[in-house]
Structure formats: structure tokens, C-alpha cells
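The primary structure of each chain is shown beneath.
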Amino acid sequence: MTTERLNDMNNNASKISGLRVRLLSPLLICTLLLGACNQSRQTVPASSAPLTRVAQASLDQAYAAQRAQQITKVDYDLVFTLDETNSFFTGKSIIHFELAKNNTAPVTVDFDSGTIKAVRLNGAAIPWHYEKWFIEFAPELFRAGKNILEIEYERPYATAGDGLHRFKDPTTGNVYLYSNCEPYNANKMYPHFDQPDMKASYKLQVTAPASWQVVSALREQKITRNGAQQVWDFPQTARIPSYIFPLHAGAYRVWEDNSGSVPLRLFARQEMAQYVNPEEWFLFTRQSFDFFNEYFEQPYPFVKYDQLVVPDFNSGAMENLGAVTFNETFVSRGVKTRVERIRHGNVIAHEMAHMWFGNLVTMEWWNGLWLNESFATYMAYLQQSKASEFGTDVWDIFYSNYKQLAYTMDQQVITHPIELPIINTAEAFTNFDSITYGKGASVLKQLAQLVGEENFRKGVASYLKKYAYQNTRQADFINEIARASGRDLTDWSQTWLAQAGLNKINVEYQCDPNNSTIASLALQQTAPADLSVLREQRVQLGFYKIRSGQAQLLGSLPVTYTGATTPVAEAKGLPCPDLVFPNVDDWGYVRVELDKKSMQVVREHINLFDAGLRIMLWQNLWDEVVDARLPLTEYLALAARHSVQETRVEVVAALTGKLKLARDYVQLMEVPEKTLAGAQQVLEQLTFANMNAAVAGSDVQKLWFDNYVYSASSAHALAWMRAQLMEDKKQSGDKKLAGLVLDQDRRWALIVRLNQYQYKDYRALTVAEQKKDSSDTGVQMALVSEVVRPQPEVKANWFTQIIAPEQTYKLATMRLVMANYLPFSQPQLRSVYVPKLLAALPEMSVTHEERFMLGFFRGIFLRGCTAGSVARLTEARDQARASHPLVYRSLRVEVQEDERCVAMKQLL
């Protein structure tokens, strides 16, 4: 799965930009846990006291381990009947399995919020008890050994993106269905044993309207016409975990191609087809296949490969077996920038890597999620760096996105080891985060540097061959890397995978004044006080001198450091540098602290260094800001001084991301009006100047345009924005930005901004835009344009909608609503509704689903950047200690980030 788990401020920076948000930087993202028992599962000891299953929405790991011993050799025959008009579907699950001898525990089958119509066991009707979340059967009903359990049911289609989701296009009435099951949502589609270590084969039969496409893990073996419907029969799959079993259906448009002997298909809504670029989709897909087939030394094992672009999707993409689903944000209604194309190619490679890591070899329980997500993240960037047009530039994107999100979270109070116990599937959902994706991938990247890239590759290939179609634990993977490299990785695993925290390194050196060479140099490593583990890793030191207006690389030294101090004897005698950077090319997962001399060189000459290092140096400056060592106003002054010279799109993408965060802090801090106005003016001026200085029509121009629309709010800026929407030159005058093609999503970004500040005829412009764009996106953006208005009656209405247990709008719409409900530019309205929302949280944590609450905390920031708001949030956090883990951990972060903002404000 690829998710958009941006840190709090990064999420806010993308909110009002409408559909320019790309769900890649992903987002959501997990961690790990104690593996389920992998002992013999043939007999349950007669003396053991079986666990009683708790009536709750989640599945406990301890119970899952018991059930995996109780029930083995599972196969499913699934039957679905789908149509265009009903809000529910019907189905039948035929479950073949073997029950262990001496079983005294009830058999439970996972099935969330459906209706049971009939149950038969070995051909005879039997009683059952339904707990809403699972069906329970008395143990004496079953025989030891083989059983066949048939369950007929119906269930409402999902509207929140999990299970079998239904979408009806508002313009054509076409219906589209898709499944989304990770981590514990397949039971919202059909009754079965929903845990990753109970792999099973699947046979499928689907009855659906004759005009529909039906897609699953394998190609259909037969289609039979039955009046206005068709019956699709699919052959039996290999043994796979339940969370990757796919069922997608609807009036999809389809394109076809191939990668060697593997047939490829691409599906999208008919209404989005005009914006799809199938050639690029298939190009990125073939490039990924070519690389992975060779790297893994094992050809793609699953026969065919389909990709579907689907609406209302909760994450970036999902690795369903042979039928991957992608968020529609990867289909742009304009021309993609290079950065967007990199992210598009990356998510294709990420999901394909899962076919081997996750689908072929699967973690035993959700503590092992990093074996899926960390690996897929690392492999996607590795593929792009070695086998795509983008080359090594992709690592700059990795550093700016995934890695920075990991660095941020690893310094928060909710950080955790890459591998840790996951008690139940609710915790698994909560822990889909930047540690698993960003830190895990970074750690694998530096492991490859430590043991050697070819040794790492051989270990990976050996692991996949040895454990194909099986479930594994962390040790299985690490042992294969150790065996291939001839290196003991016990200590490495303990310090990197089992312990949390982000360490820092800095360089201490002395120069000989007589000959201007380095006399001594050492790397110093420090760890957070409460996470005091010092780690071993390999980094690269770079030594630079400023000469004749250029930053000359004097030399670089690979260094493996460990402990508090690592002397680097090889540095002795090198020319005394102006700047030393101890993580050139970003080998290590570590935060760099520059010495005073180097930091001064950065402030004066940042544009002289190569693009990859510039990105890292800009990050160093931003780190100083959030650590309350560099005033935000000084950072903006540096950006105004140096950014106009920047032409590399990867650097501009990283820099504009930080400037959006700066705008959020400026509005949140409520500093004295003069300071606030001054900072805001600097932001507007530097963004406007850079936008106009960029090459007309270039990616750099688009990035600065998007930043200006997000950051600017003066009357002059709003008038300029309005002029961009005007078709008539008499109305737009000479304000149109030369070279920019204003696509529909950027038009909506302008409309939303004008509504946020109620500029002139914003209502009429909104109505006119919705008439032009009657798509689902247009409908949603019209609602966003309403909710962002600073009007008490609007906020009151949407407050009622947000806290209501029964939602009027689908989750995808409510996510956008919440992301734009209380912007930082509306402090008076925030002062009214943030306390109300905090008061409503205890009840909402009970009545609202996890997905909704995740959207709530990603979209609505409850901090205020005052001592009073810190106290208010602290009280709410303490009261939430016993509530849903998602609510408690979100409030813990809010408190910490509010304290950070207060400290930053004190520097101004």
C-alpha cells in the first residue's frame, strides 16, 4: 500500500491547494509486532484453555494465533451477485478447511456488519450466533479434519472506501465498485478468516450487469450471458493472504498491453478516460517488471497484471494480487510536472514490488508490516534510480518526502521501533505511519551500503526463493542478508529494528594553521536522552571549498561509524575545508548538525552546491527553525535572497514545501501584527518574484504558482488570482501569467482561495465554475469553497455535520471538508470551534469509524500556539488516554507540536 501520511503541518500545507495534492508522500503507514506462533498447527493440546474471542471490531493477535493452530488448509469458493441499483450486494462463502483434533474452542468467522441468510456445515443447516463483527459456531458442530462451511449473506456496499466500495458518477450515473481490504477489511466484503497467516486459495464467481468489466486476481476462465447480466467464473488462485484478494467491477474503460509474456491492462472510469495517459502507465510498468524480474532472480509469479484507477480511494494505491488499485489523483487533469511523474512512476513500482514482498512472501502478523512496506518503498526508488529516465534524481525526492516524514515522526512522542508488538488489528491500522515506510526504507538503504549492494540483492533473492508462498518473521529476512554478506547482523537488527529514535551526527575537526590541512577529525554521534542507543552505519563525508564563485568538492570519504566518537584518520592531511557535510548522497539515516563555520557558508553560498546537497542544506536550515534556534523570519529572508536563482525542479519542490509550512506558522503564531504582516509580505513577494522569473510554462513556474496561490492573501494577490480565471482579456488585463496552462484543478485552487478571503464576486465565480465542472471533483470542490468561508453560519452547519454519528456525505468528501474547515487564517472562528471539537472528541471516538477520525486529525489542527492552547490540549490528551488509540496518539502529537510552535514564536 502507498499512503499519504504527511506530518501534521505538511498535510495542512496541501489542504487548500485542492486537487493538486498527490497522494504520495505518502501517507498512512505502519509498524510491527510479535509474530504469530509458527509451530505445528495439526493439534490443539487438550490441556490448553482456549481463548474466548472478544466482541469488538478488531481481531486480537493472541486469538489469531490460536485460530491459526485451530484451522488449517483453507480454500474459498466465493459467489457474488452485483447490480447497478441496490445499495447492497449478496454473496455466498464456501469455506473448505481442516479442524485440529481435540478442538474445544468455538469456530469464529470474520464478517463485519452484514446479514446472515443461511448457514450449512457439511451439507446440513446449523445454528450460529452473530456478534456483528464475527459469526460464532459451537465446537461440537464440527468434525476433526475436513469441513465445508457455507454462509449465504448480504451486505451494504461500503461508502468509506473499505470492503467493497460503491461509487456512482454524478454526471453519467455509471457505477464503479472496487475492493480495499488492508489491514482488516476483507471481512467487510465476505465471511472468512481474515488474518495474514491463514493463506488460502480462492475460486470466484460473479454475476454482474453485462456492460460491466469484472476484475480479480486471475483472468476469467469463462463468461456466460444470462439476460441483462453475465456470469464471470475465475479459476483457483495460489495460496494468498486475504487482504490482497481483489474484486473490482463496473463500467470501466480498459487499455491493454504486455510486458514480455505478462498481459497488462489499465482500467479507469469512463468519465476520467480522457485524462489517462496509458502509454506512460505501461512504460513505467514495463520498466518495473524488467528491473524486478532480474533483481529478484524470480520472474513475476502471478500470471497477469491489471491496474485500476478508482475514485474515493483512501490511500495512494493498494497491492491487490494482479489487480492493483490507484487513487485518481495519479490521473492529472493537466500536464504533470517532472516531480509528479516521478511520484507516479514510483507508486507503480512500489505496488509491483509488493507482488514479491507481501504477496508471494507474507508477514506472519501485522508486526511484520515493515517486511512489506519498507521494502516496497526502498525497491521502488532503487528501480527508478537504475532503470528509468529519472535516474538518481529520485533519491532527492525520497529525501524530501518519505525521509523527512520519518525524521519528523521519529522525533515525536509517538515514535516507535520499526518492529514492535501489535496487539490487534486496530493497532495495526493506527501504526500505518512514516516509521514503517520512510524510516524502514531508509534503514534498508543504509543496510545495503553497510553489507554491499550486491550482497544485499543476493540475500533478497534467496529470501524470496526460500519462503515463496509462505509466512515469515523478521529473522527469516535478516538471516538471508547475513548469510549472503557473511556478516553478523544481530546487533544491527537490535539497534535499528527494535529501538526507536533519530540520532544526530556532527563533525569536529582541527586544521593545522601552518599548512591549512586537517590535523584531526572525528564524527560525534548523540542520541535522544530517553532513547539513548548509539548505532552503527556507513556514511560519506564531503569536504568543500568556496573558490572563484564555486563550491569545489575537495574529496569524499566513506566512513562506518559507531559509538559516541569515531576518529577518521583518513581525513588527516586533506585541505582544510569551508564546509564538511557528513552524509553526502544521503547514505545514512541520521540528522546532520553542521559546525558553525559550515552553517555560515550555507547561509552565504547555498546555491553553489550541487542540487542534491542543496536540498539537504535547505533542510538543515529548516531544522534550525523548528528546533527554535533560527527565527522563522530569518529563514524567510534567506529564502528571499537565494531562491530566485534556483532552477532545479527537485530543489524548488522541496523548498516550496517548506515555504508552505512557513506560511502556516506565520498565520498560527499570532505574533504582533507588524511582524505577521512583514513575514506574510516577504512570503508573497519572494513567491511572486520567483513565479515570474521562472521559464514560462516550466515545471518550476507551476510549483511557484501553486505556492503563491497557497501563500498569498493580500488584496493585490487576490485580484491577481481572480484575473487568472478570466477568459476575457478586458477583465484579466495584463495580469495573466505567461506560459501557464490553467488546468481545472488549478482553477479550483484559485476559486477556493477567493472564497477563503471572500474576495469580490467569489460566490458567482464558484457557481460558474461548478457549471463548467460537474464531475465528482467539481461537486466536492464546490463544497470545499463553501466550507472554507469565514462565516459563522457556515462553520456552525459543518460543525454539526462533522460531529454527527451518521454522515450525510461520503468519507472522501468529508476528508476534504475537514481539511478546509478551520484554516489558520481564521483565528477568531478557530477560537470558537476548536474547544467545541475537543469537547466532542470523547463521543466521536466511539461513534465515528477509524477512517473518519484519521481524516479528522489530518485535516483539523487543534493547536493554537499559545500557553493556553497547550494546556487545553494537554487536558484533552489526558482524558483520551483510555479512548481509541488513534485519538490518544493524535492528541499527544498535537500537544508536542503546539509546544514546538510556542518555542518558535518566542524567537520572533
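Look a little higher up for the structure.
These numbers were taken from a predicted model, which means no experiment stands behind them.

Novice: Mind showing me how you'd approach the packing of helix α18 (residues 715-725) against helix α20 (residues 744-756) here?
Specialist: Helix-helix packing is described using two parameters, namely the angle between the two axes and the distance between the axes. Between α18 and α20, the least distance of the axes is 10 Å, while the angle of their chain directions is 140°. Here α18 lies oblique to α20, going by the angle between them. Considering how the two elements wind past one another, α18 and α20 form a crossing that is left-handed. Residues Leu718, Met721, Arg722, Gln724 and Leu725 of α18 lie in contact with α20, whose contacting residues are Arg747, Leu750, Ile751, Arg753 and Leu754.

Novice: Would you take a moment to explain the packing of aromatic side chains for this structure?
Specialist: What characterises a pair of aromatic rings is the spacing of the ring centres plus the angle enclosed by the ring planes. Within the structure shown, the criterion is met by 62 aromatic pairs. The interplanar angle of 75° and the centroid separation of 5.0 Å between the aromatic rings of Phe289 and Tyr300 together place this pair among those described as edge-to-face. Linking Phe289 in helix α3 (residues 278-295) with Tyr300 in the loop between α3 and β18 (305-310), this pair joins segments that are 11 residues apart in sequence. The pair Phe289 / Tyr300 is uniform in exposure class, with both members buried. Ring centres 6.0 Å apart and planes at 55° place the aromatic pair Phe705 and Trp720 in the tilted group.

Novice: Help me understand the environment of Leu816 in this model?
Specialist: By the element assignment, Leu816 lies in helix α24 (residues 811-819). On a C-alpha basis, the gap between Leu816 and Lys132 in space is 30 Å, while along the polypeptide they are 684 residues apart. Those residues in contact with Leu816, other than ones at most four positions away along the chain, are Gln780 and Val784.

Novice: Could you clarify how one ought to interpret the environment of Tyr762 in this entry?
Specialist: The residue Tyr762 is located in helix α21 (residues 762-772) in this model. Judged by relative accessible area, Tyr762 falls into the buried class, the value being 9%. Considered as a pair, Tyr762 and Thr172 are 590 residues apart in the sequence and their alpha carbons are 28 Å apart. Sequence-distant contacts of Tyr762, defined by excluding residues within four places in its chain, comprise Leu754, Asn755, Arg789 and Gln791. A polar contact is formed between the side chain of Tyr762 and the side chain of Gln791, at a distance of 3.2 Å.

Novice: Please clarify how the sheet that holds strand β26 (residues 550-561) should be interpreted in this entry.
Specialist: Sheets are built from strands that pair by backbone hydrogen bonding, the pairs being arranged parallel or antiparallel. Across the sheet, three strands lie side by side as β26-β25-β28; this open sheet has antiparallel pairing. Only two strands of the sheet have a single neighbouring strand rather than two, namely β26 and β28 (579-581). Within this sheet the neighbouring strands show an average axis-to-axis angle of 20°, counted without direction. Judged from the 11 bridges that link them, strand β25 (residues 537-547) and β26 form a sheet pairing that is antiparallel. Its bridge partner being in β26, Ile546 is matched across the sheet by Ala551. Packed onto the sheet, helix α12 (residues 596-605) meets β25 and β28 and runs at close to 105° relative to β28.

Novice: Would you take a moment to explain the pairing of strand β7 (residues 134-137) for this structure?
Specialist: Sheet faces and side chains relate simply in a regular strand, where the side chains alternate between the two faces. Across four bridges, the pairing between strand β3 (residues 107-110) and β7 is antiparallel. Note on β7: the bridge partner recorded for Thr108 is Glu136. Both strand β6 (residues 129-130) and β7 contribute to a ladder of two bridges, which runs antiparallel. Along β7, the bridge assignment pairs His129 with Glu136. Taking the residues that link successive antiparallel strands as the turn, the β6-β7 hairpin has three residues, and the phi of Lys132 there is positive, at about 80°.

Conventions and cut-offs
- Residues numbered from 1 in each chain as written.
- Predicted model: local features only at pLDDT ≥ 70, side-chain atom pairs only at ≥ 80, totals over all residues.
- Heavy atoms only, no water.
- Axes fitted to C-alpha atoms, helices over the stretch in contact; angles between N-to-C directions.
- Helix = DSSP H or I, 4+ residues; strand = E, 2+ residues; numbered from the N terminus.
- Parallel < 35°, antiparallel > 145°, perpendicular 65-115°, else oblique.
- Left-handed = near helix turned anticlockwise from the far one by under 90°.
- Contact = heavy atoms within 4.5 Å.
- Phe/Tyr/Trp six-rings, centres within 6.5 Å; stacked < 30°, edge-to-face > 60°.
- Buried < 20%, exposed > 50% of the residue type's maximum accessible area, 1.4 Å probe, protein only.
- Polar contact = N/O pair within 3.5 Å; in protein donor to acceptor, adjacent residues only side chain to side chain.
- Pairing = 2+ DSSP bridges.

That is the geometry; function is a separate question.
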